[in-house]
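Chain by chain, the residues:
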Amino acid sequence: MDDLNLHYRFLNWRRRIREIREVRAVRYQERAKHIAVDGDTLSYHGNSGEVGCYVAPRPLSKDNNYFEVNISINSGIALIDLRLIRDTQDDQLWWPLRLYSGRTKGRQFGTKCSSGDRIGCGIEPSSFHVQTAQIFFTKNGKRVGSTVMPLSPDGLFPAVGMHSLGEEVRLHLNAELGSEEDDSIMMVDSYEDEWGRLHDVRVSGTLLEYVGNGKSIIDVGLAQARRRLSTRSHYFEVEIVDPGEKCYIALGLARKDYPKNRHPGWSRGSVAYHADDGKIFHGSGVGDPFGPRCYKGDIMGCGIMFPRDYILDSEGESDDSCDMKELRQQPRGIRNVMYLRREQQQEEDWEEEEEEEEEDIEREHEGRKVMVFFTRNGKIIGKKESVLPHGGFYPTIGMLSSGEKVKVDLHPLSG
């Protein structure tokens, strides 16, 4: 009899474990209704008027307390919202134009959002130690307001709601919210100096704006980075903030002495992906079909896959240079001004030597073939073999129609 009771207790225990696993499996999987999920892209797939909702597989936590969406396309009605919901979907926070908190009627909360905007939602880290969560919302990295709601024992899950045809967003569940002060410092101190050539293009922080006439093909606006791509920095991206009249935006690579009034890709020593028709141009005014067209909110990227022996040759001296840098950064005691100036001069000499070594390495590889690749919204869309020109390939952006604006990240992969 005891053996039978023990057997039943064992079966109940196994059944209970299976039930717990099934509940967890359901809880920790993404859920979507009237929304199609393609990687990090969410798009509305319902009948107009039906509310579409996507729920992330895991709740926000102290270590991951914030998420964002980039609005790629909207219907003009702007019925896209972010929410934090309980797993039971009882309490909801909505925020497109107004704030909703478990009610059908909202109050005015933030400014209107449109394609290209980035909206976010998070929980203050201190809230995870108490029963009440302080919820905050952002627009383009800046806080627009906050509210309070009870913190569920199961946590609050990121969710995105969409209501009308044509709406599409890119979801970033592991987004990080930097301080506004840090952003302003970066814009003032860094981005202006990253451009070696600007023609009919105005730079404002990370934003490039076309200011040319846009009447003919000779009115190309060109922006070329100061530094060429290398094994240390081999990739860059641009986000189409405003496509302007025609979206004649192109990004690619070009030689340093590339003509200022030619789109990248049109002339020798360049290769580029053009947003308006999705074609690739490789040293010719005639393009070939390559990828999809790009629109407002899309992120286009370009990089080089350097050969293995190129990496070995170009980075063979990196260990010594790192050791020298570590030596230079070691703390010292009080130093005489004369010695301090001498050390500063030595550091400048070392930097010049490093640049000369890199130039020597580039000259050794001139004429070699490298694989240039292009991306759209984080996915590789194609590759093109190209000969490395004298002096290397420089990130180059071209624009040609009124109103075009792009946001540039020349170092998206840097930590």
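Note that the structure is predicted; figures quoted are calculated from it, not measured. (Residues numbered from 1 in each chain as written. Predicted model: local features only at pLDDT ≥ 70, side-chain atom pairs only at ≥ 80, totals over all residues. Heavy atoms only, no water.)

## Notes on the overall build of the chain
Each helix and strand in the chain was counted, giving five helices and 28 strands. In the chain, buried positions account for 41% of the 415 residues. Taking as baseline every contact in the chain between residues at least 6 positions apart, the subset at least 24 positions apart corresponds to 65%. When the accessible surface of the chain is summed, it comes to about 23300 Å², and 48% of that surface belongs to carbon and sulfur atoms. (Helix = DSSP H or I, 4+ residues; strand = E, 2+ residues; numbered from the N terminus. Buried < 20%, exposed > 50% of the residue type's maximum accessible area, 1.4 Å probe, protein only. Contact = heavy atoms within 4.5 Å. Areas by Shrake-Rupley, 256 points an atom, 1.4 Å probe, with all protein chains shown as cover.)

## Considering unusual backbone geometry
Across residues other than glycine, the phi torsion is negative in most instances, and most of the peptide bonds are trans. A positive phi angle is found at Cys247, which is not glycine, with a value near 60°. Within the secondary structure, Cys247 sits in the loop between strand S19 (235-243) and strand S20 (250-254). Unlike most non-glycine residues, Asn377 shows phi in positive territory, near 55°. Checked against the element boundaries, Asn377 lands in the loop between strand S25 (369-376) and strand S26 (379-387).

## Some thoughts on the sheet that holds strand S6 (residues 80-85)
Neighbouring strands of a sheet are bound in pairs by backbone hydrogen bonds; such pairs are parallel or else antiparallel. The strand order across the open sheet built from four strands is S1-S4-S13-S6, with neighbouring strands paired in antiparallel fashion. Two strands close off the open sheet at either side, each with one partner strand: strand S1 (31-33) and S6. Across this sheet, the average inter-strand angle for adjacent strands is 15°, counted without regard to direction. Note that strand S4 (residues 52-55) and strand S13 (residues 157-162) share four bridges and pair antiparallel. From the neighbouring strand, Val55 faces S13, where its bridge partner is Ala159. (Pairing = 2+ DSSP bridges. Axes fitted to C-alpha atoms, helices over the stretch in contact; angles between N-to-C directions.)

## Looking at the packing of aromatic side chains
Considering all chains together, one arrives at five aromatic pairs under this definition. A centroid spacing of 5.8 Å and a plane angle of 10° characterise the contact between Tyr66 and Phe136, whose relative ring orientation is stacked. Remark: Phe136 occurs in strand S11 (residues 132-139) and Tyr66 occurs in strand S5 (residues 66-73); sequence separation between them is 70 residues. Ring geometry for Tyr235 versus Phe373: centroids 5.7 Å apart, planes at 5°, classification stacked. (Phe/Tyr/Trp six-rings, centres within 6.5 Å; stacked < 30°, edge-to-face > 60°.)

## Side note on the nonpolar core
Among the nonpolar cores identified, the biggest contains 42 residues, and Trp195, Leu208, Leu253 and Ile397 are the most heavily contacted of them. Residues contacting Leu208, with those up to four places away along its chain left out, are Trp195, Val201, Arg202, Val203, Ala223, Ile397, Met399, Glu404, Lys405, Val406 and Val408. Listed in part, the 26 residues of the second largest apolar core include Ile35, Leu60, Met149 and Leu156. (Core = buried A, V, L, I, M, F, W, Y, C linked by side-chain atoms within 4.5 Å.)

## Here's the deal with the environment of Gly285
Examined against the element boundaries, Gly285 turns out to sit in the loop between strand S22 (279-282) and strand S23 (288-289). Taking the C-alpha atoms as reference, Gly285 lies 9.8 Å from Pro264; in sequence the two are 21 residues apart.

## A closer look at the sheet that holds strand S15 (residues 195-199)
Taken together, seven strands build an open sheet; the order of strands is S15-S18-S27-S20-S21-S22-S23 and the sheet is antiparallel. Each of the sheet's edge strands pairs with one partner strand only, and the pair in question is S15 and S23.

## Observations regarding the pattern of salt bridges
Applying the stated criterion across every chain, the model contains seven salt bridges. One salt bridge connects Glu68 with Arg118, and the closest N-O pair in it is separated by 3.1 Å. Of this pair, Glu68 sits in strand S5 while Arg118 sits in strand S10 (residues 118-123); the two residues are 50 residues apart in sequence, bridging distant segments of the chain. Of the residues examined, Glu68 reaches a relative accessible area of 8% and is grouped as buried. What makes Arg118 partly exposed here is its relative accessible area of 23%. In this structure, Arg143 and Glu124 form a salt bridge, with 2.5 Å as the shortest nitrogen-oxygen distance. With Arg143 in strand S12 (residues 142-150) and Glu124 in the loop between S10 and S11, this residue pair connects regions lying 19 residues apart in the sequence. By relative accessible area, Arg143 is classed as partly exposed at 44%. (Salt bridge = Lys/Arg side-chain N within 4 Å of Asp/Glu carboxyl O.)

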